[in-house]
Amino acid sequence: MKNKTVKMVLAVVVLGVCCGAYAGVKTYVAHQEQKESEEDSEESTTVFTASTDNIKSLDFMVDDTETTFEKDDDSWVKKDETDFPVNQTTLDSAASAIASVDSDRVLEDVDDLSEYGLDSPSNTIKIVTKSDEEDGDDITTTLYVGDENSSTSQYYVRKDDDEKTVYLIDSSCVEPFTKSLNDYAQMEDFPAISNTDTITKISVDGDNSYELSKDEDTSTWSVKGSEDEEKADSATVSSLVSSFGSMAYSSLADYKCDDKSKYGLDKPYATITVDYQEEVADDDTQDDTTASGETADEDASSVEENSDDAEQDTESDESVSETTDETSENSDSASDNEDSSEEETKMADKQLTILVGNETDDSSRYVMVNDSNEVYTMSTDTLSALTDKSEEDFWDMTVSYVSLNSLGSLKVNYQGSDYKVNVSRETSTDDDGNDTETVTYKLNGSDLDETTFTTFYNKLINMTAQKRLTDKYEPDGDAELTAIFTEEDGDTQEVAYYSYDTNYYAAVVDNKVYLVNKMNVKELFTAFESVVGTEEDSSDKTDSDEATTDDTKSDSTDMPGESIEESDDSTSETAGITNDSDTSEEENTDSQETDSTEE
């Protein structure tokens with residue numbers, strides 16, 4: 001029993017010693033690993049170094065083809081293609097990245113290069129530098145690039161003919177040499193239109209063809225496609241027009257295209273043409289000014305001669321003074337002519353043409369601009385704002401707009417009853433010569449409150465639709481409200497509102513059918529009912545007159561219009577609408593009597 005106890009104690013002691021030894025060894029190993037790691041982090045090996053000014057050429061693989069860029073004086077050129085538009089900044093950056101290559105981990109005595117992707121390098125970078133000696137030969141250094149270490153974002157490389165040593169270098173030294181050829185080319189800037197206000201026409205020829213044109217007198221836009229030309233929505237066109245000031249290429253696809261069919265540009269998906277104007281120097285004015293300047297110089301020279309003669313003539317002091325003044329004036333004139341010659345410009349007609357080709361793999365399309373043989377890519381979103389539209393997208397959705405300033409009369413049929421509003425304008429001049437226009441409104445011959453009418457009228461002329469019907473429309477029943485506008489020049493316009501469905505009313509103007517939000521039309525009806533109610537409340541009718549039927553009210557239009565009384569200046573102000581007609585009171589009264597007779 002005693003022997004067993006001793007053995008157990010000895011076993012526990014031995015186990016404790018072993019555990020302690022294991023812990024000590026583990027601590028020692030960890031300490032050594034940390035020490036080695038610290039030493040590795042503190043030390044770095046120079047793989048290659050050179051002054052960027054001494055780098056004469058860079059040779060590396062581009063699109064699986066060995067490509068050489070070399071220095072010609074201070075500019076980079078593509079060795080086998082000198083007209084290639086080299087991006088100088090891109091090549092300078094590549095030279096700077098490779099001019100100082102360090103490694104913080106060096107693997108020596110490597111037996112198997114395939115472990116690092118160096119048996120078949122992904123790229124080979126040859127760097128040719130000037131010799132430090134004046135007459136020495138150029139020095140060529142070759143770096144073979146293997147796999148990328150994904151955990152450290154570093155690349156394995158080997159240098160020159162040394163196949164036993166592998167370096168881990170930073171990815172920033174390698175990535176400038178991993179681009180496609182067009183990434184090393186200098187892109188041209190898209191010829192954006194600096195002043196889009198000068199654009200007068202935009203045409204798109206493609207699956208959806210249309211043309212937008214600007215009226216030079218009114219600055220309003222119209223749109224024309226397969227149908228007749230009609231007014232375009234100003235906000236929609238304005239947004240499209242402004243886009244030409246910020247268009248830009250995405251990337252260069254071909255700097256010297258000799259086969260448009262490769263990009264679908266031989267038969268374009270769409271052709272966009274923009275007419276605009278651009279400010280240019282007025283050469284004719286400069287020539288004229290130069291001639292004028294020469295004349296001024298001659299005059300100044302002549303005056304100087306006269307001045308010299310005057311100084312010799314002691315009896316002509318007064319003449320000398322006058323001549324000197326003339327010299328100063330001529331000199332100032334010459335100076336003014338010189339200044340004006342620098343500022344003289346003129347507006348020249350320009351045209352921008354964009355051919356739109358096939359789609360690319362990155363949500364872009366190929367484009368060619370004007371007469372350039374370069375092919376670029378441009379965002380599909382940018383182009384679709386033009387190419388994926390049709391004339392319908394630009395239609396003006398204002399149902400019936402007639403300015404109150406030009407309105408002569410308005411006939412309304414509401415729920416079977418007829419009403420007529422006549423507009424009269426009278427201009428008076430005060431003692432200071434200031435003109436004041438007074439506008440009055442009469443409903444069926446009786447005075448009408450201005451604010452109530454203009455509130456209704458604003459709703460009527462600012463009614464906008466959600467969409468237009470292109471199919472033939474046959475109304476189901478009579479119109480709930482019909483309005484006929486008569487302008488002072490005699491032009492007329494008619495709009496009729498029909499119940500369409502649970503969401504819309506159909507507003508019919510000529511051959512156009514607009515679908516208008518039902519709630520907006522209901523508000524219009526309510527506003528007109530206020531107009532009718534205001535007419536009843538504001539009239540000087542007796543109790544028997546108030547009991548008159550709607551038919552009698554309608555017949556009241558046969559009565560001659562009442563004379564217009566003078567009102568305070570404030571009556572000429574409408575709810576947000578300015579009246580600017582100069583029609584006299586007498587002419588409007590005659591117009592009312594004529595309208596009454598016609599009815």
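Residues numbered from 1 in each chain as written. Predicted model: local features only at pLDDT ≥ 70, side-chain atom pairs only at ≥ 80, totals over all residues. Heavy atoms only, no water.

So what about the sheet that holds strand E26 (residues 504–509)? Which residues, and what values?
The strand order across the open sheet formed by nine strands is E22-E21-E20-E19-E24-E25-E26-E27-E23, and the pairing between neighbours is antiparallel. Edge strands, defined here as strands with exactly one partner in the open sheet, are strand E22 (446–448) and strand E23 (467–469). Neighbouring strand axes in the sheet, compared pairwise and without regard to direction, differ in orientation by 25 degrees on average. (Pairing = 2+ DSSP bridges. Helix = DSSP H or I, 4+ residues; strand = E, 2+ residues; numbered from the N terminus. Axes fitted to C-alpha atoms, helices over the stretch in contact; angles between N-to-C directions.)

Explain a negative patch on the surface residue by residue, including any values.
Negative charge collects at one region of the surface, where Asp 53, Asp 72, Asp 73 and Asp 74 lie side by side. Secondary-structure assignment places Asp 74 in the loop between strand E3 (65–72) and strand E4 (75–78). On the basis of relative accessible area, Asp 74 is assigned to the exposed category, the value being 70%. (Patch = residues over 30% accessible without salt bridge, like charges linked within 9 Å, V, L, I, M, F, W, Y side chains within 5 Å. Areas by Shrake-Rupley, 256 points an atom, 1.4 Å probe, with all protein chains shown as cover. Salt bridge = Lys/Arg side-chain N within 4 Å of Asp/Glu carboxyl O. Lys, Arg positive; Asp, Glu negative; His and termini not counted. Charge placed at Lys NZ, Arg CZ, Asp CG, Glu CD. Buried < 20%, exposed > 50% of the residue type's maximum accessible area, 1.4 Å probe, protein only.)

Provide a residue-level description of the pattern of salt bridges, including the pertinent values.
If you walk through the whole model with that rule in mind, you get 13 salt bridges. The residue Lys 164 makes a salt bridge to Asp 111 at a minimum N-O spacing of 3.4 Å. Of this pair, Lys 164 sits in the loop between strand E8 (154–159) and strand E9 (166–170) while Asp 111 sits in the loop between strand E5 (100–107) and strand E6 (123–129), placing them 53 residues apart in sequence. Residue classification places Lys 164 among the partly exposed positions, given a relative accessible area of 44%. Measuring nitrogen to oxygen at the nearest pair gives 3.9 Å for the salt bridge that ties Lys 459 to Glu 523.

Give me the packing of aromatic side chains: which residues, what numbers.
What the rule picks out here adds up to 21 aromatic pairs. Ring geometry for Phe 84 against Tyr 255: centres 5.0 Å apart, planes inclined by 80 degrees, an arrangement best described as edge-to-face. Pair noted here: Phe 84 is in the loop between E4 and helix H2 (88–98) and Tyr 255 is in the loop between strand E14 (251–254) and strand E15 (270–281), with a separation of 171 residues, a long-range link. Each member of the aromatic cluster is reached from another via a ring pair, and the members are Tyr 414, Tyr 419, Tyr 441, Phe 453, Phe 456, Tyr 457, Phe 485, Tyr 505, Phe 525 and Phe 528. One residue, Arg 158, lies across the ring of Tyr 144, its end atom 4.1 Å from the ring centre. (Phe/Tyr/Trp six-rings, centres within 6.5 Å; stacked < 30°, edge-to-face > 60°. Lys NZ or Arg CZ within 6 Å of the ring centre and 35° of its normal.)

Outline the nonpolar core, supporting the account with residue identities and numerical values.
Counting residues in each nonpolar core, the largest one holds 101 residues, and the members touching the most others are Leu 58, Leu 410 and Tyr 497. The biggest single contributor to this core is helix H8 (residues 518–538), with seven residues. Sequence-distant contacts of Tyr 497, defined by excluding residues within four places in its chain, comprise Val 399, Leu 460, Met 463, Ala 479, Glu 480, Leu 481, Tyr 505, Ala 506, Ala 507, Val 521, Leu 524 and Phe 525. (Core = buried A, V, L, I, M, F, W, Y, C linked by side-chain atoms within 4.5 Å. Contact = heavy atoms within 4.5 Å.)

Requested: an account of the side chain of Thr 377, with residues and values cited.
Note on placement: Thr 377 falls in strand E18 (residues 375–379). Taking relative accessible area as the criterion, Thr 377 reaches 4% and is therefore assigned buried. If we skip the residues at most four places from it in the chain, Thr 377 touches Tyr 249, Ser 250, Ser 251, Ala 253, Thr 360, Ser 364, Arg 365 and Tyr 366.

With reference to specific residues and values, describe helix H3 (residues 234–243).
Inspection of H3 places Val 237, Leu 240 and Val 241 among the buried residues, and these make up the whole buried set. Projected onto a plane normal to the axis of H3, the buried residues spread over an arc of 100 degrees and lie on a single side. In H3, the exposed positions that point more than 90 degrees away from the buried face belong to Ala 235 and Ser 239. If you follow the buried residues of H3, they end up packed against strand E10 (201–206), strand E11 (210–214), strand E12 (221–224) and helix H6 (380–387). (Arc of directions from axis to C-beta.)

Quick rundown of the sheet that holds E11? Include the residues and the values.
Spatial strand order, E13-E12-E11-E10-E15-E16-E17-E18-E14: nine strands in an open sheet with antiparallel pairing. The open sheet has two edge strands with one neighbour each: strand E13 (230–231) and E14. Relative to E15, E10 runs antiparallel, the two being bridged by six bridges. Looking at the pairing, Gly 206 lines up with Ala 270 of E15. Where H3 meets the sheet, it contacts E10, E11 and E12, and its direction lies at approximately 95 degrees from that of E11. Its contacts with the sheet place H6 against E10, E11, E15, strand E16 (345–359), strand E17 (364–369) and E18, and it is angled at close to 80 degrees to E18.

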